[in-house]
Structures are given as structure tokens and as C-alpha cells.
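# Summary of the model geometry
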Amino acid sequence: MVNDNLEIRLIPSPGYQRNIGPKRLFDHAIMAQNLKKYLTRIDKLPDVAFIGYPPIEVAAIMGHWLQKNDVKYLIDVKDQWPTLFIDTIPGAFFKMIGRLILSPYYYYGKRAIREASGVCAMSLSFLNWANKFAGVSGSSKYDIITPLTNPLQIFSKENLNEANAWWDEKGVLDDSQARIFFVGSHSQAFDMQPIFDTAIYFQK
């Protein structure tokens, strides 16, 4: 219990080291099973719920429990699982095999989204993907788009001068030199090599 308005309950799972790999899938499966057992001991239902997606298994277990108990919930689609995995497989034949192997994830992923009262997504394309993936026709009045960026802001000339002075102090000068900025987490999910190759090419 953090305070009168916030209580944190943790569901145990084995954990994993790599962002992509079988141990992560194993971790999610065990966590979903532990969650399913835990929900049988819940005697007070929430008014509403907000579920992260992925993990698929956890979202499916939690979502189905809420839907069965007539509790409205939003599902927050952060990644396009499991179709994201299939997109990385080369060749139609191997994609078909991958789709067959991942068929349980397709089933549970679609159910989690389909049973939700609405979808929360970072962009309209993510929202459309979720509805199309789950076979949901139309949109829900509870659907919401929450961009990961700040709204467009208009800066004054003074603000821009202060920003330029700050960059000058860091040695990043307004000298028409091409520069590349990366905003995000450094992980194997991003292939930086094409950017490095392009930079080397234009330096020659």
C-alpha cells in the first residue's frame, strides 16, 4: 500500500535478460499463469481497468477476467505483437510456418483486444492496426490516441536564441554540418548499421 489511492501488487515471474528471445516468452507465460491463480483470490472488483499490451498472455488473462465480471477496460497497444514477429521472417513459406507456431498468440491477442471496451494507442495507425488485427469493425467511443510526443509548440525568438547558445556551449555549432540525432533506447531492436554506412559514405 503506497497511500490511500495507490496499491501495488506484484505478480512473480522468472525474468529475462534479452529483449528478444525464448526466455522472455517463457517469462510472460509463467506470469500469466500466476496472474490467473491470483485473480481467483480477488474478492473486490475494480471499477475500471487499464491493461498494457503486450504481454499478450497477461493481457488476455486479465482482459477475459474483467470481461467475465462485467468490468470495462482499456487495452494499451504499445507493440504490434504477434504480427511484428512474422514481419521479420523472410519468405512466404517461412512466414506461414511462423504464423502456425505463433497461432496461440494470435488467438489470445485478438481476444484481449476484441473484449476490451476501447483501445489506447500512440497513433491512429496503431489504433487501426489493433482493430483490424482483432477483427473489430468501426471504433469505440472509449478509443483514445495518446501520442508519445508533446503537442506542437511555438517558440519565441528569445527561446530559439537561448537554445542555440546552449548548443554552442556543447560544441554543436550552426555551421551547416550534417548531424544525426537518435532519441530512444539503444537495443538490438534498432539496426544502426545503415545509418553508420550512410554517414561514412557522405564523409568520403
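Quick note: structure is the one above.
Attention in this report is confined to the structure presented alongside it. (Residues numbered from 1 in each chain as written. Predicted model: local features only at pLDDT ≥ 70, side-chain atom pairs only at ≥ 80, totals over all residues. Heavy atoms only, no water.)

Here we come to the overall build of the chain. Each helix and strand in the chain was counted, giving 8 helices and 4 strands. N-terminal to C-terminal, the α/β element order of the chain is α-β-α-β-α-α-α-β-α-β-α-α. The C-alpha radius of gyration of the chain comes to 22 Å, more than 25% above the 17 Å expected for a compact globule of 204 residues. For the chain, the spread of C-alpha atoms along the principal axes amounts to about 65 × 50 × 40 Å. Looking at the chain as a whole, 26% of its 204 residues qualify as buried. Sequence separation of at least 24 residues holds for 57% of the intrachain contacts in the chain that already meet a minimum separation of 6. (Helix = DSSP H or I, 4+ residues; strand = E, 2+ residues; numbered from the N terminus. Rg over C-alpha atoms; globule rule 2.2 N^0.38 Å. Buried < 20%, exposed > 50% of the residue type's maximum accessible area, 1.4 Å probe, protein only. Contact = heavy atoms within 4.5 Å.)

As a further point, take helix α1 (residues 22-39). Under the 1.5 Å per step criterion, the end-to-end length of α1 is 26 Å for 18 residues, consistent within 8% with the ideal 26 Å. Among all positions in α1, only Arg24, Asp27, His28, Met31, Ala32, Leu35, Tyr38 and Leu39 are buried. Angularly, the buried residues of α1 cover 135° about the axis, an arc narrow enough to put them on a single face. Opposite its buried face, α1 presents the exposed residues Pro22, Lys23 and Lys37, each directed more than 90 degrees away. Elements in contact with the buried residues of α1: α2 (56-68). (Expected span 1.5 Å × (residues − 1). Arc of directions from axis to C-beta.)

Let us look at the side chain of aspartate 76. Here aspartate 76 is to be found in strand β2 (residues 72-77). As a buried residue without a salt bridge, aspartate 76 has its nearest oppositely charged side chain in lysine 78, at a separation of 4.6 Å. In contact with aspartate 76, not counting residues within four places along its chain, are Phe50, Ile51, Gly52, Tyr53 and Cys120. (Lys, Arg positive; Asp, Glu negative; His and termini not counted. Salt bridge = Lys/Arg side-chain N within 4 Å of Asp/Glu carboxyl O.)

A cis amide bond links tyrosine 53 to the next residue, proline 54, at an omega of -5°. Note on placement: proline 54 falls in the loop between β1 (48-53) and α2. Positive phi outside glycine occurs at aspartate 70, with the angle close to 60°. Within the secondary structure, aspartate 70 sits in the loop between α2 and β2. Since its relative accessible area comes to 73%, aspartate 70 is described here as exposed.

All right, on to the pairing of β2 then. Strand direction decides the pairing type here: β1 and β2, joined by 6 bridges, are parallel. Bridge pairing in β2 links isoleucine 51 to isoleucine 75. In the classification by handedness, the crossover that spans β1, the intervening α2 and the parallel β2 is right-handed. When β2 meets strand β3 (residues 118-121), the two strands line up parallel, connected through 4 bridges. When the bridges of β3 are listed, valine 77 appears paired with alanine 121. (Pairing = 2+ DSSP bridges. Right-handed = clockwise from strand over helix to strand, strands pointing away.)

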